[in-house]
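Structure at a glance
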Amino acid sequence: MSGGRPPKACGTFAAQTQACAVIPLLTDDSLPLSRQIFTGLRNAIVNGTFRAGDRLPSTRSLAERLSVSRTVVVIAYEQLLAEGYVNGRTGSGTFVSPHLDQPRTARVGAAALKVSRFGSAAIDASKRLPWVAGSPSRPRYDFAYGRGNTDMFPFETWCRVATATLRKAALRELDYGPSAGSASLREAIADHLRRSRGLACAASQVIVVNGSQQALDIAARVLLDRGQRVVIENPQYQGTRDIFKAAGAQLIPVPVDGQGIDTDALPQRARLAVVTPSHQFPTGAVLPLSRRVALLDWARRANAAIVEDDYDGEFRYDGEPVEPLQALDTDGRVIYVGTFSRTVYPSLRLGYLVAPPSLVASFVGAKWLCDRHTATLEQEILADFIQSGAYERHLRRARKALAERRRELLTSIQSNFGNAVEVSGESAGSHVVIWPRRRVVEKDVISQAASLGVGIYGISQYFMARPARVGFLLGYSRLVPRDIHDGVRRLRQIRCFTPA
């Protein structure tokens, strides 16, 4: 016997009870009683309920506990003995075989299941998890991008709206909600999009999701079969790329220049194109009207759909916002995706998509399969927040604050870097890209910046292959003007940012 653990006493009440618990006998004669007892004990041995060296109850005592003939139990024990699960010791009893004492974790590891294409993509994505709040590695001057500024959000107003919403909430709102989202929030979103973005949409086309990432995932599920071609911008947000890669799509990267995706480089055919025309991520380019029309014409010729990710569409500083693709679409080919993570707060996890009428039923069905519905009370609170006018007042204040921070950042870059860098993406959104004119090694610059207490972020990770130029993302939504100036001033100590 191994392990030095004393065996359970033969025929004790505890051993009998444990054995009985793992043998749920059927009474419909569908399986012989001896086979049922054998199967129950074998499974208990395999899963570790009975360990190597444990003593099983005597055949007589177990038969009495199970109210069966002793002969039935003897037949089951003999089968366990024949298959090597137990050893019989004359005068001592029946014991679980010592060779079965193997660590269960080692067995599981040795027989680890092969993950699917989706699982592999998920593993790859998890290796790129960004810095999160509370991390001790956060730099003093962090030009983080892709996050809203919770300091700007009117939480007092939000709390008042939430309290009022909860007081009037009916019990039925605690039940399962509609898969497409609450009617009040869909109506509020549609009204807001018609006013602020010029979208041509009805509330029936709006589907509430758990952030834009889920919207992209649902689009992949509904629109794609494995192996179909998907046009993506190069460079492109990794979360988007990983979703369609996991769906088994054949990714067709199309280059981006100073005006966004190069529509002259689009392939002759594809099932889908995924674009960020209002503020291309990560370069910040804004797609002009001529290219928007060209993109829609291409979709018509290729019989393709377009996913328009308008992640930063609420923030535009130079001139009037260019109309979204969805507002120009007359063929029902554009799926418009938006999120409240940037404008409210990220942990709310509420976003939306606007589907063409012909695709609404399919998208709602896919949403139901994903997670049944999005949290209901949060939807009602957000709906009341929008309908009260508080949301648009918050957006006006946020635009004003971001415009000031953008102005301070551009001024500081010009005064400290001069002709050492080029700047792109400054006309919209909440980040810019600086492109050093000197040849540099991206990771070395990031490391030097970190040693100075400054967080900047390279864009090479967003390209499908090594880019010809090195650029760095500087987000400004979470830095006050004084910190923006101090951070940029520190970066000047790095050679590639020093004016010639």
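For the structure itself, look to the data block above.
Residues numbered from 1 in each chain as written. Predicted model: local features only at pLDDT ≥ 70, side-chain atom pairs only at ≥ 80, totals over all residues. Heavy atoms only, no water.

1. Observations concerning the overall build of the protein
The helix and strand inventory of the protein stands at 17 helices and 16 strands. Evaluated residue by residue, the protein yields a buried proportion of 50% over its 500 residues. Sequence-distant contacts, at least 24 apart, represent 73% of the contacts inside the protein between residues at least 6 apart. (Helix = DSSP H or I, 4+ residues; strand = E, 2+ residues; numbered from the N terminus. Buried < 20%, exposed > 50% of the residue type's maximum accessible area, 1.4 Å probe, protein only. Contact = heavy atoms within 4.5 Å.)

2. Notes on the pairing of strand β5 (residues 229-234)
Every other side chain in a regular strand lies on the same face of the sheet, so the side chains alternate between the two faces. Across the six residues of β5, six count as buried, placing the element largely inside the fold. Covered by surrounding structure in β5 are Arg229, Val231 and Glu233 together with Val230, Ile232 and Asn234, the residues of both alternating faces. Pairing analysis gives six bridges linking β5 to strand β6 (residues 250-257), with the strands arranged parallel. Residue pairing across strands places glutamate 233 opposite valine 254, the latter belonging to β6. Of the crossover connections in this fold, the one passing from β5 over helix α10 (residues 238-246) to the parallel β6 is right-handed. (Pairing = 2+ DSSP bridges. Right-handed = clockwise from strand over helix to strand, strands pointing away.)

3. Some thoughts on the packing of aromatic side chains
A full pass over the atoms with the stated rule returns 18 aromatic pairs. Seen in terms of ring centroids, tryptophan 158 and phenylalanine 385 are 5.1 Å apart; in terms of plane orientation they differ by 70°. Their pairing is edge-to-face. Highlighted residues: tryptophan 158 in helix α7 (residues 155-168) and phenylalanine 385 in helix α14 (residues 376-387), separated in sequence by 227 residues. Taking the relative accessible area as the measure of exposure, tryptophan 158 reaches 8% and is therefore buried. Judged by its relative accessible area of 0%, phenylalanine 385 is buried. In textbook terms, an aromatic cluster arises when at least three aromatic residues are bridged by ring pairs, as seen for Phe153, Phe155, Trp158, Phe340, Tyr345, Tyr352, Phe385 and Tyr391. Arginine 140 extends its terminal NZ or CZ atom over the ring of tyrosine 141, reaching a point 4.4 Å from the ring centre. (Phe/Tyr/Trp six-rings, centres within 6.5 Å; stacked < 30°, edge-to-face > 60°. Lys NZ or Arg CZ within 6 Å of the ring centre and 35° of its normal.)

4. Concerning α7
Under the 1.5 Å per step criterion, the end-to-end length of α7 is 20 Å for 14 residues, consistent within 8% with the ideal 20 Å. Those residues of α7 that fall on the buried side of the exposure criterion are Trp158, Val161, Ala162 and Thr165. One face of α7 carries all of its buried residues, which in axial projection span an arc of 100°. Of the exposed residues in α7, those oriented more than 90 degrees away from the buried face are Glu156, Arg160 and Arg167. Where the residues of α7 are buried, they touch α14. (Expected span 1.5 Å × (residues − 1). Arc of directions from axis to C-beta.)

5. Focus: helix α17 (residues 481-491)
Along α17, the residues classified as buried are Asp483, Ile484, Gly487, Val488 and Leu491. Along the long axis of α17, the arc covered by the buried residues comes to 130°, so they all point the same way. Lining the buried residues of α17 we find β3 (141-142), α15 (390-417), α16 (442-451) and β14 (454-455).

6. Observations regarding the sheet that holds β6
Taking strand neighbours across the sheet as the criterion, the eight strands line up as β4-β11-β10-β9-β8-β5-β6-β7 in an open arrangement whose pairing is mixed. Single-partner strands in this sheet number two, and they are β4 (206-209) and β7 (260-261). In terms of strand pairing, strand β8 (residues 272-275) meets strand β9 (residues 305-309) through four bridges, oriented parallel. By the bridge assignment for β9, valine 275 is matched with glutamate 308. In this fold helix α8 (residues 183-196) packs onto β4, β10 (334-339) and β11 (351-354), with an angle of close to 115° to the strand it touches most, β4. (Axes fitted to C-alpha atoms, helices over the stretch in contact; angles between N-to-C directions.)

7. So, the environment of alanine 294
Mapped onto the elements of the fold, alanine 294 is located in helix α11 (residues 289-302). Here alanine 294 falls in the partly exposed class, since its relative accessible area comes to 27%. In this structure the C-alpha to C-alpha distance between alanine 294 and aspartate 262, which are 32 residues apart in sequence, comes to 9.8 Å.

8. Comments concerning the layout of surface pockets
Empty space within the second largest pocket amounts to approximately 390 Å³. Along the walls of the second largest pocket sit 14 residues, with Val440, Pro467, Ala468, Arg469 and Val470 positioned nearest its centre. Residue classes in the lining of the second largest pocket are distributed as six nonpolar, one polar and seven charged. (1 Å grid on protein atoms, 1.4 Å probe; cavity = no way out; pocket = protein on both sides within 12 Å on 5 of 7 lines; lining within 4 Å. Points joined across faces, edges and corners; volume = space filled by probe spheres on them. Nonpolar A, V, L, I, M, F, W, Y, C, P; charged D, E, K, R; others polar.)

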